[in-house]
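Examining the three-dimensional arrangement
Residues per chain, in single letters:
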Amino acid sequence: METTVKTINFQYADMRTEVDTPPATYTPCTGILKGLTLAMADPTAKTIDSEIFAHPFATIYQGKPLVMKFELTNYALQDLPPLVGGTYTAGVTGKPNTYDAPDDITPTFHEWKVSFQSGFDSLVIFKGETIGVVKKDADGALNVSVTVTTMLLPLGGKNYTYRINDSVIGA
């Protein structure tokens, strides 16, 4: 049994093309405000009820996606376009660096890897629909609030959503 705690590494990459071949390069995603969450809502249940019996004939379950939320607080403007779209322009003499938001909220898609200090090694989201919006709480920093929702990634005749990797190789 494992108790998995404390995120120690958080990174993203282009989505893989083969399930057992991880991306060649991950980009570290640092500057995250405390409060990164991973959650999956309870599935919905639909019953096929009986007129005569107290128990249903069948129950059909539909799962919900795994959703990860975090606030990016300490970032450079050039970090934003790969994550949430938009355009970065490097400043020149007399003009500042700029980030121009996309015309509309458009998701980007990445593989995400969350590594842990203790317990299981990591959780990998194979295809994460990534949406970021600017946010500033009272007495807080200018953040980019990011939501990553798992999507199905079909590889090798099977659909993948996420994987938990053990810290012990070959166990």
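Going by the structure above, here's the rest.
Description of the structure in this document. Along each chain, numbering runs from 1 in the same order as the chain's sequence is written. Where local features are concerned, this predicted model is filtered to residues with pLDDT of at least 70; where side-chain atom pairs are given and counted, the filter is 80 or more; whole-chain, interface and lining totals use all residues. Side-chain metrics in this entry use all non-hydrogen atoms of the structure; hydrogen atoms and water are not considered.

Counting its regular elements, the protein contains one helix and 14 strands. Two things to know: the radius of gyration comes from C-alpha atoms, and the globule rule equals 2.2 Å times the number of residues to the power 0.38. By the compact-globule yardstick of 16 Å for 171 residues, the protein is too spread out, its C-alpha radius of gyration being 20 Å. Burial classes follow relative accessibility: with a 1.4 Å probe on protein chains only, a residue under 20% of its type's maximum area counts as buried, one over 50% as exposed, and anything between as partly exposed. Taken across its 171 residues, the protein has 26% of its residues classed as buried. In the protein, once contacts between residues fewer than 6 apart in sequence are set aside, the share between residues at least 24 apart is 56%. Computed with the Shrake-Rupley method and a 1.4 Å probe, the accessible areas treat only the protein chains shown as cover for residues. Entry remark: accessible area of the protein is about 11,300 Å², with carbon and sulfur atoms responsible for 54%. Put simply, the protein has 13 plus and 18 minus side-chain charges, and the middle of one group is 2 Å from the middle of the other. Secondary structure elements follow DSSP: runs of H or I no shorter than four residues count as helices, runs of E no shorter than two count as strands, and numbering proceeds from the N terminus. When checking whether two residues touch, look at their non-hydrogen atoms; a contact exists if any pair is within 4.5 Å. His residues and chain termini do not enter the charge count, which takes Lys and Arg as positive and Asp and Glu as negative. Charged groups are reduced to one reference atom each: NZ for lysine, CZ for arginine, CG for aspartic acid, CD for glutamic acid.

Another point: the nonpolar core. The nonpolar side chains of soluble globular proteins are, as a tendency, buried together. Grouped together as the largest cluster of nonpolar side chains are 18 residues, with contacts concentrated most on Cys29, Met68, Phe70 and Trp112. Elements represented by at least two residues in this core include exactly β1 (5-13), β6 (66-72), α1 (80-84), β9 (108-118), β10 (122-136) and β11 (142-150). Leave out the neighbours within four places in its chain, and Met68 touches Phe10, Leu36, Thr37, Leu38, Trp112, Val114, Ile125, Val146, Thr147 and Val148. Val19, Val124, Phe126 and Tyr160 belong to the second largest nonpolar core, which has six residues in total. Nonpolar cores are built from buried Ala, Val, Leu, Ile, Met, Phe, Trp, Tyr and Cys residues. Side-chain atoms within 4.5 Å join them into one set.

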